[in-house]
Each structure stands twice: as structure tokens, then as C-alpha cells.
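What follows is the residue order along each chain.
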Amino acid sequence: MISGVRRNKSRKKGSRCTPAGNRNGHTPQGHVTQGRRRSPVMQLNVLALNRNYVAVHVLTVPRAFSLLWKGTAEVVNVEQDQYLSYDFDGWRENSELKAELEDRDDTDDWIRSVQFEIQVPKIIRLLLYDRVPRNSVKFNRRNVFLRDEHCCQYCRKRFPRQQLSLDHVMPRSRGGGDSWENIVCACLSCNVRKGGRTPQEAGMTLKKPPVKPKRSPLISRQMTQPKYESWGKFIRIHE
Ligand SMILES: [Zn+2]
């Protein structure tokens, strides 16, 4: 599938290494900053592939545009089962064309500035990065909440992040550590009820045994949305 990737004709030679202050007289930071303040589009995610088309990270939109503009990344766009790559200028031209023809998909997102509008890419490829991070799933609060789908593992109810806590299944005082296998998402009320006891002692049962996720819980969650359908083409291949 990777060998099927072809360059889009609109790519311009030498445009990859654009120096600071581009020929149009505005910086990408200009519209990125503007969008970050005003638009939820900036909170969307962009899948980053390494140079060998292996999914390695999930980036924010401003970060993705910054890399594109610097020329250290290119957009990989899935169009009618073909993989097209664009540098920043090519992607901007493609966006303009799409806007002109009103050829927009419901799952597309756009950033609008005074001078132009540009489509938010769903996937970018890091041109200077060929590693595959060994422990790409970070053990942190956000990822535990995502793994457990913001669902208290004791009462099985879903809560907003502010009403959730992390619970040590085997309490710390009894030697329980901070690990994927011993930390679960719990609502405050269940956490208080359980106290310093094991679930068994407290008469509580876990929704499912906690395990380390195989891939980033953020990626797993996003892949269920039609917007990020194209991510699956890269993630399934390498797992
Ligand atoms: Zn609960």
C-alpha cells in the first residue's frame, strides 16, 4: 500500500525549506494563533507518520501546521483510495481549489484567515523522523481516563473528567504501584467508598481487568469517528 503513494503534481521543487516569513507576507503563526483563540478546530488531532509511513504520534493542529510550514512534514491525504502527498504550498493550493469548487466533505475541517482558508490535514508524515517509539503509550492520567472511556470502573457510570479520579486497585499502602495494571478510573464517590481496601474487601467489582493498551487510547477513540477513518489505513497495517 505504501508503494502506491505518489507525489501530487502541485508540489513545487524547493518549496519544502521555506525560510521564516513567506512570500505571501504572513506567517503560519498568524493564522494558527488566531484560530487557537477562536476555534475548536485547533483542538483537533492530526496523526503523524514517520518517514516510513508508520503511525507514531498524535499532534495538535497548530503543531502539525508548524511542521508543515517549516518543511519538515508533508500532508498525506487519502483521496479515492489513493495516497497523495502535499507540501504546505501544495496543500494550500489544493485547499483553495476545493473551496472554489465547493468540494468539501462533511468530515473536513477548515481554518479561515483574512487572506485565505486552508483545510486541516488529518495525517502528516514527518520527513526527518524514522524511528518508532518503543513505549508510545504514555502512562498518565489523561490516557488512563481515555482507556477507561471516562467510565468509573466500579459503578460503570460515565463522568466528566473533573469528577473522576485515579484509583489504586491494590492500595498504595499495601504495596500497589503506579502502573497500567493497578490504576483505574474511578468516580470520587466510589474512590471514597473503597478507601484503602482492595475491591474484594470493599465488595466492589471492576468493570474489566486493567491492562496496558496496545495503542494510544486517544488514537483508539478517534478512530471510531468518521472524521478519522483514514487513520485506520496506517494504524492497522503496523499492528
Ligand atoms: Zn463510581
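These numbers come from a predicted model, not from an experiment.

## Some details on the overall build of the protein chain
Here is step 1 of the chain: A count of helices and strands for the protein chain gives eight helices and ten strands.
Here is step 2 of the chain: Here the protein chain, with 239 residues, has 27% of them falling under the buried criterion.
Here is step 3 of the chain: Restricting the contact set of the protein chain to residue pairs at least 6 apart, pairs at least 24 apart contribute 65%.

## A few points about the pairing of strand β8 (residues 123-126)
Here is step 1 of the chain: The pairing of strand β2 (residues 45-49) with β8 spans three bridges and is parallel. Across the sheet, residue A48 finds its bridge partner in β8, namely I124.
Here is step 2 of the chain: In terms of strand pairing, strand β4 (residues 73-79) meets β8 through three bridges, oriented antiparallel. Within β8, the residue paired with A73 across the bridge is L126.

## Description of the environment of N94
Here is step 1 of the chain: Relative to the helices and strands, N94 is located in helix α3 (residues 88-101).
Here is step 2 of the chain: Between the alpha carbons of N94 and I118 there is a distance of 8.6 Å; along the sequence they are 24 residues apart.

## So, the environment of L59
Here is step 1 of the chain: Counting through the fold element by element, L59 comes out in strand β3 (residues 55-60).
Here is step 2 of the chain: The exposure class of L59 is buried, given the 20 C-beta atoms found within 10 Å.
Here is step 3 of the chain: Taking the C-alpha atoms as reference points, L59 and N45, separated by 14 residues in sequence, lie 5.6 Å from one another.
Here is step 4 of the chain: If near-sequence neighbours (up to four positions away) are discounted, L59 is found in contact with N45, V46, A48 and A64.

## Remarks on the pairing of strand β10 (residues 183-187)
Here is step 1 of the chain: Of all the five residues making up β10, five are buried; the element is thus mostly covered by neighbouring parts of the structure.
Here is step 2 of the chain: Here β10 shows a buried face lined by I183, C185 and C187 and a second buried face lined by V184 and A186.
Here is step 3 of the chain: Pairing analysis gives five bridges linking strand β9 (residues 164-168) to β10, with the strands arranged antiparallel. The residue of β10 that forms the bridge with D167 is V184.

## Section: helix α2 (residues 61-70)
Here is step 1 of the chain: Regarding α2, the residues found buried are V61, A64, F65, L67, L68 and W69.
Here is step 2 of the chain: Just downstream of α2, G71 is the residue with a positive phi angle, here 90°.

## Concerning the confidence of the model for the protein chain
Here is step 1 of the chain: In this model, the protein chain carries a mean pLDDT of 82, and residues with pLDDT of at least 70 account for 81%.
Here is step 2 of the chain: A low-confidence stretch, residues 1-38 (pLDDT under 50), is modelled with 45 contacts involving residues beyond four sequence positions or located in other chains.

## Regarding the nonpolar core
Here is step 1 of the chain: Judged by nonpolar contacts, the single largest core of 30 residues is most densely connected at V46, L47, L49, A64, L68, I123 and I124.
Here is step 2 of the chain: Among the secondary structure elements, those contributing two or more residues to this core are β2, β3, α2, β4, β5 (82-86), α3 and β8.
Here is step 3 of the chain: Those residues within four positions of L49 in sequence are excluded, and the remaining contacts are V54, A55, V56, V76, I123, R125, L126 and F234.
Here is step 4 of the chain: Counting residues in each nonpolar core, the second largest holds eleven residues, with C152, Y154, V184 and C185 among its members.

## Examining unusual backbone geometry
Here is step 1 of the chain: Backbone geometry places Y53, a non-glycine residue, at a positive phi of 65°.
Here is step 2 of the chain: Tracing the sequence through the fold places Y53 in the loop between β2 and β3.
Here is step 3 of the chain: In this structure Y53 comes out as partly exposed when scored by C-beta crowding, with 18 C-beta atoms within 10 Å.
Here is step 4 of the chain: The phi angle at Q80 is positive, at roughly 50°, despite the residue not being glycine.

## Comments concerning α3
Note on helix geometry: an α-helix contains 3.6 residues per turn, so any two residues three or four positions apart are oriented the same way.
Here is step 1 of the chain: Taking 1.5 Å per residue as the helical rise, α3 with its 14 residues ought to reach 20 Å, and the 20 Å between its terminal C-alpha atoms agrees with that figure.
Here is step 2 of the chain: What α3 keeps buried is the set F88, D89, G90, W91 and S95.
Here is step 3 of the chain: The inward-facing, buried residues of α3 contact α2, β4, β5 and β7 (117-119).
Here is step 4 of the chain: E102 sits one or two positions beyond α3 and adopts a positive phi of about 55°.

So, how was this worked out
Residues numbered from 1 in each chain as written. Predicted model: local features only at pLDDT ≥ 70, side-chain atom pairs only at ≥ 80, totals over all residues. Helix = DSSP H or I, 4+ residues; strand = E, 2+ residues; numbered from the N terminus. Buried ≥ 20, exposed ≤ 12 C-beta atoms within 10 Å, placed from the backbone. Contact = placed C-beta atoms within 7 Å. Pairing = 2+ DSSP bridges. pLDDT = per-residue confidence, 0-100. Core = buried A, V, L, I, M, F, W, Y, C linked by C-beta atoms within 7 Å. Expected span 1.5 Å × (residues − 1).

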